[in-house]
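If you want the building blocks of each chain, they are given just below.
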Amino acid sequence: MNKVMYSGAEILLKSLVKEGVEEVFGYPGGVVLPLYDALYLQNDIKHYLVRHEQAAVHAAEGYARVSGRAGVAIVTSGPGACNTVTGLANAYYDGTPLILITGQVNSKLIGADAFQEADVVGITRSCCKHNYLVKDVRDLARIIKEAFYIATTGKKGPVVIDIPVDVFNSKYTFDYPKNVELVGYNPTYKGHPLQIKKALDAILDSKRPVIISGGGVIASDAHRELTELATRLNIPVVHTLMGTGTFPDSLETSLGMMGMHGNYCANLTVSNADLIFAIGTRFSDRITGCLKRFARDAQVIHIDIDPCSISKNVKASIPIVGDIKNVLNTMLQLYSKTHHKPDLQQQNKWFGEIMEWKKKVAIARKTSDKLSAITVLNEIYNFTKDDEPVVCTEVGQHQMWTAQNFKFNQPRKLITSGGLGTMGFGFPAAMGACVANKNKYVLNIAGDGSIQMNIQELMTCVDYKFKVINCIINNGYLGMVRQWQEKIYNEHYSQTKISSPDFVKLAQSYGALGIRVEHEDEIVPALKEALSYNGPVVIDFICESFEMVYPWVLAGEPIDKVLLSREEV
Amino acid sequence: MAINHTISVLVSNEVGVLSRIVDLFSGRGYNIESLTVAPTIDSIYSRVTIVTPGDDDVIEQICKQLNRLIPVIKVANLSIGEAIEYEIGLLKVSVNDENRAEFLNIVTQAGAKIMDLNEKIYTVKIDGDEKAVQTFAELVRPFGIKEFVRSGKVAITKAGQFQNFKKPKEENAINKLFS
């Protein structure tokens, strides 16, 4: 029997279809011509043409973070592949499942310094979970299967598949493997039962417990289990930036975000706890502050699927390697059976202290007649909250103000660059979110600096009528860096005053809707207009330049040393 | 305290696996004191033996990070149990008529072996643990060492202990490390 032969390009697309991929983001080029030809001849996968390869990867990440499925991006060799490095590093840091297909020069030319050649496997090695150079079309389907498996299991992350043009053109049969055989890769899903029991007992014995909920809770889809456990055990919950939405902000036991710009109450609770139950967090320096003085009295229980995250920064006395959803379910079952119950009296005392800390909040101070960014963000939040839109952000002051002022009751609603802190992430990520969301509107809260890093994507949004509403907090500065310069570098505003084009005209020239807002009474009408527009919008909020993000824990300080206003030193 | 640890890593014998390991060390600021790589009896696997300095926390992190690499099948810190460690030193030593007898005496005493010689230069091989090689080199230093080439370390656990070739199938293998 003669089996049908397919080109490598066709095998790739067929494999993507087998993996359930319906949408990809990409940018064509010389060596991926055979792949783009195959794309042209099929209807299963929709390709979104971006305007820069970095945006393709960010868009795929936005897509993945909203949908929970792996995002896919396709780029060409050399410069195309090099442009993806920031996107890969971002996804690697934040544990987002991605598949990046990069074209490569003919396998016979590799190493010959061919046109548009780059050692992609070498360049991307340290910023992706794994990468492959496909040398033989016969390996292609297996490698794609493995790549998806690696990207979407364990601690999720990006996987790069580098495919030479001759492999795209070679013919082979298509037989998609059913199973993956990777001897060296077996993520641990089930937590050790004795460790889980030990952890539960320690929590029930503790007097001042707190849960730190991180991005891993979203990755494991464990927010319901977390909420149930925290509610049943009556433990206060703080979250990291990446853990936003894992525990409903509407509940009284939610203390909000902790860390450098976290709530006073959240930071104080963690600092004074006798037990920290850390779930799916890396204990990044942005949440621990000075490591030596971090929660000195606390015993630490740490659940993570990645053994590397445990005891890397904060030593865990009860480590549990496993899938969070599994571990929390086991813990809930154990709790149902045990007679060991938390001490109510102690709990009331602890909550009493916490409620006192809750009263202390940052004091905003207006320094000019211009709009306050915080007012703008509160208005945006109030106007859109019933829709529960996906909110993307860029990186900087606006990002922290969004995290502080928006309330999230569901995961996968705040899409932001946590670990790498990539300016220019939010806008393309919002495009990906739009695709995942079947074009429900998506907010992108941006700064005037960040938005200019991937502004070219306005064209992509216009082409596909993506309802991305860019809210630019335009304060004329790289605000977060300026804030540090004001406080720590004697107001030497070195290279942080930044000019911008007329965003309204710019939006119009792309064919998008541009609105300028300078007064408070214009905010709501602008949002109304934006929401009723069928396509991308840019709202340019002209804001006060010198507004600061508070609460603020200075770098190197312990997190209970929270500054609440400019007046504090 | 930062003492040398011997880490034995079983890897899939595939292109780029050594770069992944070396990149991990350089990217995270760890040091490699010595490194040996060779295929195992089953040539689809290779054994990498790395000697690296670090305190317990650092070594634990190195082992975890190594385990995270997809082609890495098993990581064992051989410094924890007792292991047989072995390395080879090749030395070219100047010898003359006056000190030849003394030199040959040291060679015999140390269990070194003459591999090549002419009137002025003896090439000798010394093997054993790190200390044996180091001591021998110190002993012959006064004669004049013209060249000294040293292998990295290879190591194996003692007769009663085994390092499984297959990663344990049991799901909680990693958790067991902690409990």
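Not measured: the values here are computed from a predicted model. (Residues numbered from 1 in each chain as written. Chains lettered and ligands numbered in written order. Predicted model: local features only at pLDDT ≥ 70, side-chain atom pairs only at ≥ 80, totals over all residues. Heavy atoms only, no water.)

A. Seen up close, the overall build of chain B. Summing up its helical and strand segments, chain B has five helices and nine strands in all. Listing every helix and strand of chain B by position from the N terminus yields β-α-β-β-α-β-β-α-β-β-α-β-β-α. Burial analysis of chain B (179 residues in total) assigns 40% to the buried set. For chain B, restricting intrachain contacts to residue pairs at least 6 apart in sequence, the fraction spanning at least 24 positions comes to 73%. (Helix = DSSP H or I, 4+ residues; strand = E, 2+ residues; numbered from the N terminus. Buried < 20%, exposed > 50% of the residue type's maximum accessible area, 1.4 Å probe, protein only. Contact = heavy atoms within 4.5 Å.)

B. Here's a closer look at the layout of surface pockets. Looking at the second largest pocket, its volume works out to about 930 Å³. In terms of lining, the second largest pocket is formed by 37 residues, of which the most central are Tyr132, Leu133 and Arg142 of chain A together with Glu14 and Val15 of chain B. The leading source of residues in the lining of the second largest pocket is helix α7 (residues 137-152) of chain A, at five residues. Each residue belonging to the lining of the second largest pocket can be placed in one class, and the counts come to 16 nonpolar, nine polar and 12 charged. (1 Å grid on protein atoms, 1.4 Å probe; cavity = no way out; pocket = protein on both sides within 12 Å on 5 of 7 lines; lining within 4 Å. Points joined across faces, edges and corners; volume = space filled by probe spheres on them. Nonpolar A, V, L, I, M, F, W, Y, C, P; charged D, E, K, R; others polar.)

C. Molecular detail of the nonpolar core. Residues and elements named next belong to chain A. Phe25, Cys392 and Phe466 are the most contacted members of the largest nonpolar core, which has 48 residues in total. Both of domain 1 (6-172) and domain 3 (373-542) provide at least three residues apiece to this core. Not counting residues within four places of it along the chain, the set of residues in contact with Phe466 comprises Tyr48, Met431, Cys434, Val435, Asn439, Thr460, Cys461, Gly535 and Pro536. In terms of nonpolar packing, the next biggest core, distinct from the first, is built from 39 residues, Val32, Ile45, Val134 and Ala141 among them. (Core = buried A, V, L, I, M, F, W, Y, C linked by side-chain atoms within 4.5 Å. Domains from an automatic or database assignment.)

D. Structural detail: empty space enclosed by the protein. Evaluated as defined, the whole model comprises two cavities of 30 Å³ or more. A volume near 70 Å³ is recorded for the largest cavity. Lining the largest cavity are Ile203, Leu204, Ser206, Lys207, Pro209, Leu233, Ile235, Pro342, Asp343, Gln346 and Gln347 of chain A. Those elements that place two or more of their residues in the lining of the largest cavity are α9 (193-205) and α15 (344-358) of chain A. Across the lining of the largest cavity, the residue classes break down as six nonpolar, three polar and two charged. What the second largest cavity holds in volume is close to 40 Å³. Considering the residues around the second largest cavity, the lining is formed by Ser311 and Lys315 of chain A together with Asp57, Glu60, Gln61 and Lys64 of chain B. Classifying every residue of the lining of the second largest cavity gives no nonpolar, two polar and four charged.

E. The domain arrangement of chain A, seen in detail. Residues and elements named next belong to chain A. Annotation of chain A at the domain level lists domain 1 (6-172), domain 2 (193-358) and domain 3 (373-542). Between the C-alpha centres of domain 2 and domain 3 there is a distance of 31 Å. Of the residues lining the interface, 15 residues belong to domain 2; the matching set on domain 3 comes to 18 residues. Across the domain 2/domain 3 interface, buried area totals approximately 1400 Å², and carbon plus sulfur atoms make up 66% of it. When the area that domain 2 buries against domain 3 is broken down by residue, the three leading residues are Leu241, Asp249 and His261, summing to 38%. (Buried area = accessible area lost by both parts, 1.4 Å probe.)

F. Focus on unusual backbone geometry. All names here are of chain A. Cis geometry marks the peptide bond from Tyr550 to Pro551, where omega comes out at 0 degrees. Positive phi is not limited to glycine here, since Gln116 has a value of about 55 degrees. Tracing the backbone through its elements, the reader meets Gln116 in the loop between β5 (98-104) and α6 (120-124). Here Gln116 falls in the partly exposed class, since its relative accessible area comes to 25%. Positive phi, close to 60 degrees, is recorded for Gln495, a residue that is not glycine. Its location among the elements puts Gln495 in the loop between α20 (479-488) and α21 (503-510).

G. Structural context of the environment of Gln410 of chain A. All names here are of chain A. Tracing the sequence through the fold places Gln410 in the loop between α17 (397-405) and β16 (414-415). A residue is classified by how much of its surface remains accessible, and Gln410, at 33% relative accessible area, is partly exposed. Taking the C-alpha atoms as reference points, Gln410 and Tyr185, 225 residues apart in sequence, are found 32 Å from one another. Setting aside residues no more than four positions away along its own chain, Gln410 makes contact with Thr244, Gly245 and Glu388. A polar contact of 3.1 Å, which involves the side chain of Gln410, links it to the side chain of Glu388. (Polar contact = N/O pair within 3.5 Å; in protein donor to acceptor, adjacent residues only side chain to side chain.)

H. Expanded view of the state of the cysteines. All names here are of chain A. Considering all chains together, one arrives at zero disulfides over all chains under this definition. Of all cysteine sulfurs in the structure, the one in Cys543 sits closest to Cys471, which takes part in no disulfide; the separation is 10 Å. Take Cys471: its relative accessible area is 0%, and that puts it in the buried class. (Disulfide = S-S within 2.5 Å.)

I. Just the packing of helix α1 (residues 8-18) of chain A against α7 of chain A, in detail. Residues and elements named next belong to chain A. Close contact between α1 and α7 brings their axes to 10 Å; oriented N to C, the two are set at 25 degrees. Here α7 runs roughly parallel to α1, going by the angle between their axes. You can see that α1 and α7 cross each other, and the crossing is right-handed. Contacts between α1 and α7 involve Gly8, Ile11, Leu12, Ser15 and Leu16 from the former and Val137, Leu140, Ala141, Ile144 and Phe148 from the latter. Among the residues making up the contact of α1 with α7, the classes are represented as eight nonpolar, two polar and no charged. (Axes fitted to C-alpha atoms, helices over the stretch in contact; angles between N-to-C directions. Parallel < 35°, antiparallel > 145°, perpendicular 65-115°, else oblique. Left-handed = near helix turned anticlockwise from the far one by under 90°.)

J. View of a nonpolar patch on the surface. Residue and element names in this part refer to chain B. A contiguous nonpolar patch, built from Tyr86, Ile88, Leu90, Met115, Val149 and Val154 and spanning about 500 Å² of accessible area, is present on the exposed surface. Of the residues forming the nonpolar patch, the biggest block, three residues, is contributed by strand β5 (residues 83-94). Of note, Tyr86 is situated in strand β5. A relative accessible area of 38% places Tyr86 in the partly exposed class. (Patch = residues over 30% accessible without salt bridge, like charges linked within 9 Å, V, L, I, M, F, W, Y side chains within 5 Å. Areas by Shrake-Rupley, 256 points an atom, 1.4 Å probe, with all protein chains shown as cover. Salt bridge = Lys/Arg side-chain N within 4 Å of Asp/Glu carboxyl O.)

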